[in-house]
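Listed below, chain by chain, are the residues.
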Amino acid sequence: MSYEIDKPDEQWRTELTPAEYQVLRQSGTEPAYVGEYTDTKAEGVYSCRACGAELFRSDTKFESHCGWPSFYDPKDSAAVELLEDRSHGMARTEVRCARCGSHLGHVFEGEGYPTPTDQRYCINSISLRLIPGEG
Ligand SMILES: [Zn+2]
């Protein structure tokens, strides 16, 4: 898989903070409940912190109480890429930015949240940047 934004690892390393690099480029997970957007209700568009692609809108963000920002639908389905993830002894679906391939989080479904899609895009705050405006 090649991405529209394709930078050598060394370049990502210099452009991102160590914490951003660890999550975005090494599929890390930030600790629960500490991310800057966990409880954010501001209107706007959440873009990829690595490449700036628009990924989620604030009007699909909901309170999941899981400790990470949660959305029930991406802004455009083509904005994210979904990949099977069998790491850590679990079968999960990884969510990546479709433009640069950076790791965003995971998507879960069928959990019973009262949302239109019954999906929970569980996304690391540090993978996102909120651009305030109309959600
Ligand atoms: Zn990106």
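All of these numbers come straight from a predicted model, not from anything done at the bench. (Residues numbered from 1 in each chain as written. Predicted model: local features only at pLDDT ≥ 70, side-chain atom pairs only at ≥ 80, totals over all residues. Heavy atoms only, no water.)

1. Details of the overall build of the protein chain
Argument step 1. Scanning the protein chain from terminus to terminus reveals two helices and nine strands.
Argument step 2. Listing the helices and strands of the protein chain from first to last along the sequence gives α-α-β-β-β-β-β-β-β-β-β.
Argument step 3. Relative to the 2.2 N^0.38 estimate, which gives 14 Å for 135 residues, the radius of gyration of the protein chain is 14 Å and therefore close to what a compact globule would have.
Argument step 4. Seen through its C-alpha atoms, the protein chain measures out along the principal axes to roughly 40 × 40 × 30 Å.
Argument step 5. Within the protein chain, the proportion of its 135 residues that are buried is 49%.
Argument step 6. Taking the contacts inside the protein chain whose residues are at least 6 apart along the sequence as the reference set, 55% of them involve residues at least 24 apart.
Argument step 7. A total of about 7,200 Å² of accessible surface is found on the protein chain, and carbon and sulfur atoms cover 47% of it. (Helix = DSSP H or I, 4+ residues; strand = E, 2+ residues; numbered from the N terminus. Rg over C-alpha atoms; globule rule 2.2 N^0.38 Å. Buried < 20%, exposed > 50% of the residue type's maximum accessible area, 1.4 Å probe, protein only. Contact = heavy atoms within 4.5 Å. Areas by Shrake-Rupley, 256 points an atom, 1.4 Å probe, with all protein chains shown as cover.)

2. Overview of the nonpolar core
In a soluble, globular protein the nonpolar side chains are often hidden away together inside.
Argument step 1. Counting residues in hydrophobic clusters, the biggest one holds 25 residues, and the most contacted among them are Leu55 and Phe56.
Argument step 2. Only helix 2 (18–24), strand 1 (44–48), strand 2 (54–57), strand 6 (92–97), strand 7 (103–109), strand 8 (119–123) and strand 9 (128–132) provide two or more residues apiece to this core.
Argument step 3. Discounting residues that sit within four places of it in the chain, Leu55 has contacts with Tyr46, Ser47, Cys48, Pro74, Lys75, Asp76, Ala79, Val80, Cys97, Leu104 and Leu128. (Core = buried A, V, L, I, M, F, W, Y, C linked by side-chain atoms within 4.5 Å.)

3. Structural notes on the coordination of the zinc ion
Argument step 1. Every protein donor of the zinc ion is listed here as Cys48 (SG), Cys51 (SG), Cys97 (SG) and Cys100 (SG), and their distances to the metal cover 2.3 to 2.4 Å.
Argument step 2. What the four donor atoms of the zinc ion show is an angle range of 103 to 115 degrees at the metal, which sorts the shape as tetrahedral.
Argument step 3. Expressed as a motif, the donor residue spacing for the zinc ion is C-x2-C-x45-C-x2-C. Taken as a pair, Cys48 and Cys51 share a single burial class, namely buried. (Donors = N, O, S within 2.8 Å, 3.2 Å for Na, K, Ca; no water. Tetrahedral: all angles 85-135°; square planar, octahedral: opposite > 155°, others 65-115°.)

4. Looking at the pairing of strand 5 (residues 80–85)
Argument step 1. Strand direction decides the pairing type here: strand 5 and strand 6, joined by six bridges, are antiparallel. Paired with Leu83 across the strands is Glu94, a residue of strand 6.
Argument step 2. Following strand 5, the chain reverses through six residues before pairing antiparallel with strand 6; His88 in that reversal takes a positive phi of roughly 55 degrees. (Pairing = 2+ DSSP bridges.)

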